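The residues making up each chain are set out below.
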Amino acid sequence: MPFRFVHTADLHLDSPLRSLALRNPELASLVRSATRNALVRIVDLCIAENVDALLIAGDLYDGSQTSMNTALFLAGELRRLDEAGIRTFIIRGNHDAQSQVTRELTLPPSVHVFSGRSRTVLAKTLENGRTVHIHGVSFADTHAPESLLPHFHAPVADGINIGMLHTSLSGSAAHDPYAPCSIADLQRHGFDYWALGHVHQRQVHSEKPSIVMPGMPQGRDINEMGMKGVTIVTIDDHGQVVLEERATSTAAFERLSVDVTGAADWRDMLDAVSREIARLRKRLPADNLILRLTLTGRTPLAWRLRRDADLLETEMANIAAGLGGCWIEKVEVQCRAAGDAGHPSADPVVELAALVDDVLSSFGFRAEVKGVAEELLQQLPPELRQVLAVDEEALESLALNAGLAGSADVLAHLHGRTVAEAID
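As the structure is a prediction and not an experimental result, all values here were calculated from the model. (Residues numbered from 1 in each chain as written. Predicted model: local features only at pLDDT ≥ 70, side-chain atom pairs only at ≥ 80, totals over all residues. Heavy atoms only, no water.)

Quick look at the layout of surface pockets now. The computed volume of the second largest pocket comes to approximately 250 Å³. Looking at the second largest pocket, it is lined by 15 residues, and the ones nearest its centre are N24, L27, A317, I328 and E329. Looking at the lining of the second largest pocket, the elements with two or more residues in it are α1 (18-23), α8 (309-323) and β15 (326-333). The residue inventory of the lining of the second largest pocket, partitioned by class, reads eight nonpolar, three polar and four charged. (1 Å grid on protein atoms, 1.4 Å probe; cavity = no way out; pocket = protein on both sides within 12 Å on 5 of 7 lines; lining within 4 Å. Points joined across faces, edges and corners; volume = space filled by probe spheres on them. Helix = DSSP H or I, 4+ residues; strand = E, 2+ residues; numbered from the N terminus. Nonpolar A, V, L, I, M, F, W, Y, C, P; charged D, E, K, R; others polar.)

The following block contains the structure:
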């Protein structure tokens, strides 16, 4: 029989969702429980596929925890694997290194948690006599600015060797550098499979040897879009590796842009949006679909959509709820007013809008707003700076878009319409 295992990482169990909780506590609770549900599905998959092992390449937790509830839940799931005769191999990532309960909890005997010192564990002996060995090194601290690869032992001669490493590799725009190393470095080490963790998007970096970042099994916010999953790995007597990707998400985040150009009244706009949401909901198999909706295009409703944002969000939420398992995380309006910009308007707000456009497109405004953004950015934690502005171009775009959105909202409230007219 071959050696088969499930490779996962970055579960971030019970990850806090502060911003989402402020907007919609019910949705925040759903997403928080989704990380647990993903682990349940992973364990169910291991048992159904009768694999030999589950490999978790770091970040089971999401940092420092004072409650044992999350750890007790984890222990219960790992006990299910133990009872099914499936071994579990775990390395600690940067988030796990912050958690005290990780070290205090007693886990089933079939669970091996690698320490900060390299160790090699015999996982199985195949029918032809070849042995399978798993190598792993955990984070001893929350930071690992240097490569951990020199800590690994050499591959066991004539065996099949699997390495577990939590690393940012050579760098990722959305992640701080941790235990950096290159793909070439991993290839030269001589292992047959590298089970990586840390970067939340799945990617197969190499096929010979197999170097796999499985991505996270459950997204937690709009920046972690799409269906997430794990990798099932089969290694035969000759060391040939076969990979399968399996979905584990119970909730999927997605962005949806709807062009409402030509929508002359509120009902036309609702019908256009409803059709697009229904089409996307039908295409995605997740138990719950969580949308960030953006309305675009030129429409006479542009003013109303911005001014009556609370009414708009309620309408969108009702449409989503009617489809079952569908939620609106946020509604963004990027519509412009319909009409010919080449002719003067009798509406003073339209004239003011034209003047504002001139100001926003000026070099002086862009330079000033960028300076304000830079000052505000320095007051944020490093991890948020990395998300909001990975480079100078991203910072400029962030500042300009904030200016455009803010001016459009102000102008919308100046427009002389009533809420009653908006829902005609």
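There is more to say after this.
Spanning 15 residues, helix α3 (residues 69-83) covers 21 Å between terminal C-alpha atoms, matching the ideal 21 Å at 1.5 Å per step. The positive-phi residue at the C-terminal boundary of α3 is G85, with phi of around 75°. (Expected span 1.5 Å × (residues − 1).)

On inspection of all chains with the given rule, the structure shows 17 salt bridges. As a salt-bridge pair, R246 and E49 come within 3.0 Å of each other at their nearest N and O atoms. Taken together, the residues R246 in strand β12 (residues 241-247) and E49 in helix α2 (residues 25-49) connect sequence positions 197 residues apart. Classification of R246 by relative accessible area gives partly exposed; the value is 26%. Members of the salt-bridge network, linked through shared partners, are R4, E49, E244 and R246. (Salt bridge = Lys/Arg side-chain N within 4 Å of Asp/Glu carboxyl O. Buried < 20%, exposed > 50% of the residue type's maximum accessible area, 1.4 Å probe, protein only.)

To continue, consider the sheet that holds strand β11 (residues 229-235). Strands sit in the order β4-β3-β2-β1-β11-β12 across an open sheet of six strands; the sheet is mixed. Of all the strands in the sheet, just β4 (111-113) and β12 have a single pairing partner and so form its edges. On average, each strand axis in the sheet is tilted by 20° relative to the strand beside it, whichever way the strands run. Examined bridge by bridge, strand β1 (residues 3-8) and β11 share five bridges and lie antiparallel to one another. Bridge assignment links R4 to a residue of β11, and that residue is T234. Contacting β1, β2 (53-57), β11 and β12, α2 crosses the sheet at an angle of about 170° to β1. (Pairing = 2+ DSSP bridges. Axes fitted to C-alpha atoms, helices over the stretch in contact; angles between N-to-C directions. Contact = heavy atoms within 4.5 Å.)

A few words on the nonpolar core. By size, the foremost hydrophobic cluster in this structure holds 27 residues, and its most contacted members are M269, V273, I277, L295, L305, L312 and M316. The set of elements that each furnish at least two residues to this core consists of β13 (251-259), α6 (266-283), β14 (288-296), α7 (302-307), α8 and β15. A per-element tally of this core places α6 first, with six residues. I56, Y61, I86 and L105 belong to the second largest nonpolar core, which has 25 residues in total. (Core = buried A, V, L, I, M, F, W, Y, C linked by side-chain atoms within 4.5 Å.)

Contact pair α2 / α3: the axes reach a minimum separation of 9 Å and the direction vectors enclose 10°. Our classification of the angle between α2 and α3 gives roughly parallel. When α2 is examined against α3, the residues R36, L39, V40, V43, D44, C46 and I47 are found in contact with a partner set consisting of N69, T70, F73, L74, E77, R80 and L81. (Parallel < 35°, antiparallel > 145°, perpendicular 65-115°, else oblique.)

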